[in-house]
Amino acid sequence: MTKRLFISIWALAVSLTVYFAAIFAFADGGRVIISYEDNFKAFAASDFVKRLTALPEWEPFFEAFTKSCDKAIDKELSRENLQRRLPEPVVNDLRTFLESGISTKKGIETVFQHLEAVIFKLQADFDDDEIDENLQDITDLVQGQKEDLDLNFDGLLAFIIDVNPRFCLSFLKYFREKIDYQFLRNEPDGDFILKFDFEFYDRDIEFCCAGIKLNTGRYAILFSDDDQIVPYYKAFKNGNYDKTDTTLPKKELVLEETCFLFLDRQLKRANLTSNGAEFLGKIRKVKTTLHEVNGVSQFEITAVMRTGEDARAVRDLLTGLLAFVQLSVTENSPERGLLQTIQINAAGTNVSVTVKLDNPELWKLIARQLQQITEKIENRQ
């Protein structure tokens, strides 16, 4: 039953590819500037999640949230709305699936059971002399010059699962082979690489996806562009991405040195130079990690600066801001007790901020927030 539900959820997701790909299209890539890895299944058994789900306020929040999502999905994916965006055969299949008893709660539980890890890499083109298209769109939007925002994603999005992704190929019946899509690789009952190129509501949609059986008996689903999908496929197939220990409960976001160099260049090209922009040139790398140390979850932010002097300056700035915030709350408030557990350190060119997530005051705040959110959701319905 669980596997059938997962397959149905995936069928829904891939059937909506046309709709969402119209918003996020894939384009040519460059150097990696941001990377994210999430050991999804392992983190579900982490100290943080155990504490969270043990709160009395969690279950009422989860029930209210999932029921609210069900209502929103049913409204957004009504037959009338779908008929304005998708062909009738797709609409009929989606409505049949939505009316079969599927719920947000069941979907979340199924994903947590089968999704092992998520890997994301964002790339940027350093060779282009013009301002990046995404940043230009955002700048125009902020200045009120553009209503329609198109964001291009260059890089890799990968999901590690324990279900063979070939089942998702059933959604190809909605497309025309060799016109809307073509196989770059298609092994019977094995790996596949697909390239899509079609028009949807006057937009040219281009992206590639691949399904891979890994040596460990797990499977990978990859999304990238046509220049990079084959190299990424080979990297996963030869084990380069299989060396990461996905059994550790960890979420990690890394902003590489190239990210700050890229932003610095783009801001200068957009004539948006300022003291804040100059500060970007002093950062080499920023890494945020949510993981466990001695069985206790903790959140860390580590910045690698260009010089030790820059690291100490950032530490002093953060220490001052923390002291200011502490002064702005009452003496015996939960917030003050939580703020006092934050550690700020500098060593060499590194400056770090660490928060252990076992503080009782933190969980009082989380419980209170869950209760308030639950009340807002229920009052809105």
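Scroll up to find the structure this text is about.
Residues numbered from 1 in each chain as written. Predicted model: local features only at pLDDT ≥ 70, side-chain atom pairs only at ≥ 80, totals over all residues. Heavy atoms only, no water.

(A) Local environment of the overall build of the protein chain. Each helix and strand in the protein chain was counted, giving 15 helices and 14 strands. Across the 381 residues that make up the protein chain, the buried fraction comes to 44%. Carbon and sulfur atoms provide 54% of the accessible area of the protein chain, an area that totals close to 20,900 Å². (Helix = DSSP H or I, 4+ residues; strand = E, 2+ residues; numbered from the N terminus. Buried < 20%, exposed > 50% of the residue type's maximum accessible area, 1.4 Å probe, protein only. Areas by Shrake-Rupley, 256 points an atom, 1.4 Å probe, with all protein chains shown as cover.)

(B) Spotlight on empty space enclosed by the protein. All told, the structure shown has two cavities of 30 Å³ or more when counted by the stated rule. Here the largest cavity is characterised by a volume of approximately 100 Å³. Along the walls of the largest cavity sit 14 residues, with Ile-119, Ile-160, Tyr-241, Thr-244 and Thr-246 positioned nearest its centre. Per-element accounting of the lining of the largest cavity gives the leading share, three residues, to strand E3 (residues 115–124). Residue composition of the lining of the largest cavity, by class: seven nonpolar, three polar and four charged. (1 Å grid on protein atoms, 1.4 Å probe; cavity = no way out; pocket = protein on both sides within 12 Å on 5 of 7 lines; lining within 4 Å. Points joined across faces, edges and corners; volume = space filled by probe spheres on them. Nonpolar A, V, L, I, M, F, W, Y, C, P; charged D, E, K, R; others polar.)

(C) Highlighting the nonpolar core. One finds Leu-86, Leu-172, Leu-194, Phe-196 and Phe-198 to be the most contacted residues of the largest nonpolar core, which totals 32 residues. Contributing elements (two or more residues each) for this core: helix H7 (88–98), E3, strand E7 (192–200), strand E8 (203–213) and strand E9 (219–224). Not counting residues up to four positions away in its chain, the partners in contact with Leu-194 are Leu-169, Leu-172, Tyr-181, Gln-182, Phe-183, Phe-207, Cys-208 and Cys-209. (Core = buried A, V, L, I, M, F, W, Y, C linked by side-chain atoms within 4.5 Å. Contact = heavy atoms within 4.5 Å.)

(D) Up close: the environment of Lys-121. On the secondary structure map, Lys-121 appears in strand E3. When its relative accessible area of 16% is taken as the criterion, Lys-121 is described as buried. Put simply, Lys-121 and Gly-155 are 34 residues apart on the chain and 5.3 Å apart in space, counted from C-alpha to C-alpha.

(E) Focus on the sheet that holds E8. Pairing is antiparallel across the open sheet formed by twelve strands, whose spatial order is E6-E7-E8-E9-E5-E3-E2-E10-E11-E12-E14-E13. Of all strands in the sheet, those bounded by a partner on one side alone are strand E6 (181–186) and strand E13 (343–347). The average undirected angle you get between the axes of adjacent strands in this sheet is 15 degrees. Taken together, the five bridges between strand E10 (residues 251–255) and strand E11 (residues 283–293) define a ladder with antiparallel strand orientation. Within E11, the residue paired with Val-254 across the bridge is Lys-287. Contacts from helix H8 (residues 104–114) reach E3 and strand E5 (155–161), with the element oriented near 85 degrees to E3. Each of strand E2 (31–38), E3, E10 and E11 is contacted by helix H11 (residues 257–269), which is oriented at about 135 degrees to E11, the strand it contacts most. (Pairing = 2+ DSSP bridges. Axes fitted to C-alpha atoms, helices over the stretch in contact; angles between N-to-C directions.)

(F) The arrangement of the packing of helix H5 (residues 58–76) against helix H15 (residues 360–380) in detail. Following both chains from N to C, one finds H5 and H15 inclined at 35 degrees, their axes separated by 9 Å at the closest point. Here H5 runs over H15; the crossing is left-handed. Of the residues in H15, those touching H5 at Trp-58, Pro-60, Phe-61, Ala-64, Phe-65 and Ser-68 are Leu-370, Ile-373, Thr-374, Ile-377, Glu-378 and Arg-380. (Left-handed = near helix turned anticlockwise from the far one by under 90°.)

(G) View of the pairing of E8. Strand direction decides the pairing type here: E7 and E8, joined by nine bridges, are antiparallel. When the sheet's bridge partners are listed, Asp-197 is paired in E8 with Glu-206. Where E7 hands over to E8, the hairpin turn is made up of two residues, of which Tyr-201 adopts a positive phi near 50 degrees. Note that E8 and E9 share six bridges and pair antiparallel.

(H) Seen up close, the environment of Gly-348. Mapped onto the fold, Gly-348 is located in the loop between E13 and strand E14 (350–356). Sequence separation between Gly-348 and Asp-310 is 38 residues; the distance between their C-alpha atoms is 9.7 Å. When near neighbours in sequence (up to four residues on either side) are disregarded, Gly-348 contacts Gly-308 and Ala-311.

(I) Highlighting a negative patch on the surface. Taken together, the side chains of Asp-197, Glu-199, Asp-202, Asp-204 and Glu-206 present a region of like negative charge at the surface. Looking at the negative patch, the elements with two or more residues in it are E7 and E8. Residue position: Asp-202 is located in the loop between E7 and E8. In this structure Asp-202 comes out as exposed when scored by relative accessible area, which is 79%. (Patch = residues over 30% accessible without salt bridge, like charges linked within 9 Å, V, L, I, M, F, W, Y side chains within 5 Å. Salt bridge = Lys/Arg side-chain N within 4 Å of Asp/Glu carboxyl O. Lys, Arg positive; Asp, Glu negative; His and termini not counted. Charge placed at Lys NZ, Arg CZ, Asp CG, Glu CD.)

(J) Structural detail: H5. When the terminal C-alpha atoms of H5 are compared, their 26 Å separation across 19 residues agrees well with the 27 Å that a helix rising 1.5 Å per residue should span. Regarding H5, the residues found buried are Trp-58, Phe-61, Phe-62, Ala-64, Thr-66 and Cys-69. Those residues of H5 hidden inside the fold are in contact with helix H4 (47–54), H8 and H15. (Expected span 1.5 Å × (residues − 1).)

(K) Representation of the pattern of salt bridges in the model. Tallied over the full model, the rule gives 18 salt bridges. Across the salt bridge formed by Asp-180 and Arg-176, the nearest N and O atoms sit 3.0 Å from each other. With a relative accessible area of 10%, Asp-180 lands in the buried category. Of the charged contacts, one joins Arg-306 and Glu-257 as a salt bridge, the two residues approaching to 2.5 Å between their closest N and O atoms.

(L) Looking closely at the layout of surface pockets. Its boundaries defined by the atoms lining it, the second largest pocket holds a volume of some 360 Å³. What lines the second largest pocket is a set of 17 residues, and nearest its centre among them are Val-49, Leu-52, Thr-53, Trp-58 and Phe-112. Every element with two or more residues in the lining of the second largest pocket is listed here: helix H3 (40–43), H4, H5 and H8. If you tally residues by element for the lining of the second largest pocket, the top one is H5, at five residues. For the lining of the second largest pocket, the per-class residue count stands at twelve nonpolar, one polar and four charged.

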